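Topology and contacts: notes
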Amino acid sequence: MNHSDDVSIRRFQESDLGQLVQLISETIGISYAEVYPPRAVQFFKDFHSEEKIADRSRTGTTLVIEEDGELVATGSLVGGEILAVFVHPRLQKGGRGKALMKALENEARATGVTEIGLSISLPSKRFYESLGYKVLEERSRDVGEGQRLDFWKAAKQL
């Protein structure tokens, strides 16, 4: 059993890119497809393209969790916002997401951020609320063909 204390979190390296794209795409395909319409799922995949992932790691901090040579979780901090937090579906509820969030919040504190913002997708609302994030507003994005992507804007004082 992996307890969150033994979770080894490290900074993203360029050589991780292929694996990271795969992890995020798979997680979206599994976790989001149950709750979002197809066009919204596609929007998420485009939003987390290889180019955008690489970009975020350059402008901010991207962390990954690697287990047995495989990337199983990731999250990014850009300015005062945490984004692209993904834990592989078969490993969710194991403390990895929580450990990752703590590490990202510590990164933010170290750079002087006092309030962290994030967007919450439907599958992750309970998770973020359990970590002390407060929902500020509900948002919706029209993704075409009468389909919508619903999410929440949330924040937490550090």
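This text gives an overview of the structure that appears in the document. (Residues numbered from 1 in each chain as written. Predicted model: local features only at pLDDT ≥ 70, side-chain atom pairs only at ≥ 80, totals over all residues. Heavy atoms only, no water.)

1. Remarks on the overall build of the protein
- A tally of helices and strands in the protein yields five helices and seven strands.
- Ordered by position in the sequence, the α and β elements of the protein form the string β-α-α-α-β-β-β-α-β-α-β-β.
- At 15 Å, the protein has a C-alpha radius of gyration in line with the 15 Å of a compact globule built from 158 residues.
- Expressed along its principal axes, the backbone C-alpha trace of the protein runs to roughly 45 × 35 × 30 Å.
- Counting all 158 residues of the protein, 44% fall into the buried class.
- Split by element, the accessible area of the protein, about 8,700 Å² in all, is 46% carbon and sulfur.
- Averaged over its 21 positive side-chain charges, the protein has a centre that lies 5 Å from the centre of its 24 negative ones. (Helix = DSSP H or I, 4+ residues; strand = E, 2+ residues; numbered from the N terminus. Rg over C-alpha atoms; globule rule 2.2 N^0.38 Å. Buried < 20%, exposed > 50% of the residue type's maximum accessible area, 1.4 Å probe, protein only. Areas by Shrake-Rupley, 256 points an atom, 1.4 Å probe, with all protein chains shown as cover. Lys, Arg positive; Asp, Glu negative; His and termini not counted. Charge placed at Lys NZ, Arg CZ, Asp CG, Glu CD.)

2. Quick notes on the packing of helix H1 (residues 17–32) against helix H2 (residues 38–47)
- Close contact between H1 and H2 brings their axes to 10 Å; oriented N to C, the two are set at 160 degrees. What the angle tells us is that H1 and H2 run roughly antiparallel. As for the relative orientation of H1 and H2, their crossing is right-handed in sense. Of the residues in H2, those in contact with Ser-25, Ile-28, Gly-29 and Tyr-32 of H1 are Val-41, Phe-44 and Lys-45.
- Across the contact of H1 with H2, the residue classes break down as four nonpolar, two polar and one charged. (Axes fitted to C-alpha atoms, helices over the stretch in contact; angles between N-to-C directions. Parallel < 35°, antiparallel > 145°, perpendicular 65-115°, else oblique. Left-handed = near helix turned anticlockwise from the far one by under 90°. Contact = heavy atoms within 4.5 Å. Nonpolar A, V, L, I, M, F, W, Y, C, P; charged D, E, K, R; others polar.)

3. Regarding the nonpolar core
- Counting residues in each nonpolar core, the largest one holds 25 residues, and the members touching the most others are Ile-82, Met-101, Leu-104, Leu-118 and Tyr-133.
- Listed by contribution, the elements that provide at least two residues to this core are strand E2 (61–67), strand E3 (70–78), strand E4 (81–87), helix H4 (96–110), strand E5 (115–121) and strand E7 (147–157).
- The greatest single-element share of this core, amounting to six residues, is contributed by H4.
- The contacts of Tyr-133, once residues within four sequence positions are left out, are Ile-82, Met-101, Glu-105, Ile-116, Leu-118, Tyr-128, Ala-154, Ala-155 and Lys-156.
- Counting 21 residues, the second largest nonpolar core, distinct from the first, contains Leu-17, Ala-40, Phe-44 and Phe-151. (Core = buried A, V, L, I, M, F, W, Y, C linked by side-chain atoms within 4.5 Å.)

Distances and angles like these do not, on their own, reveal function.
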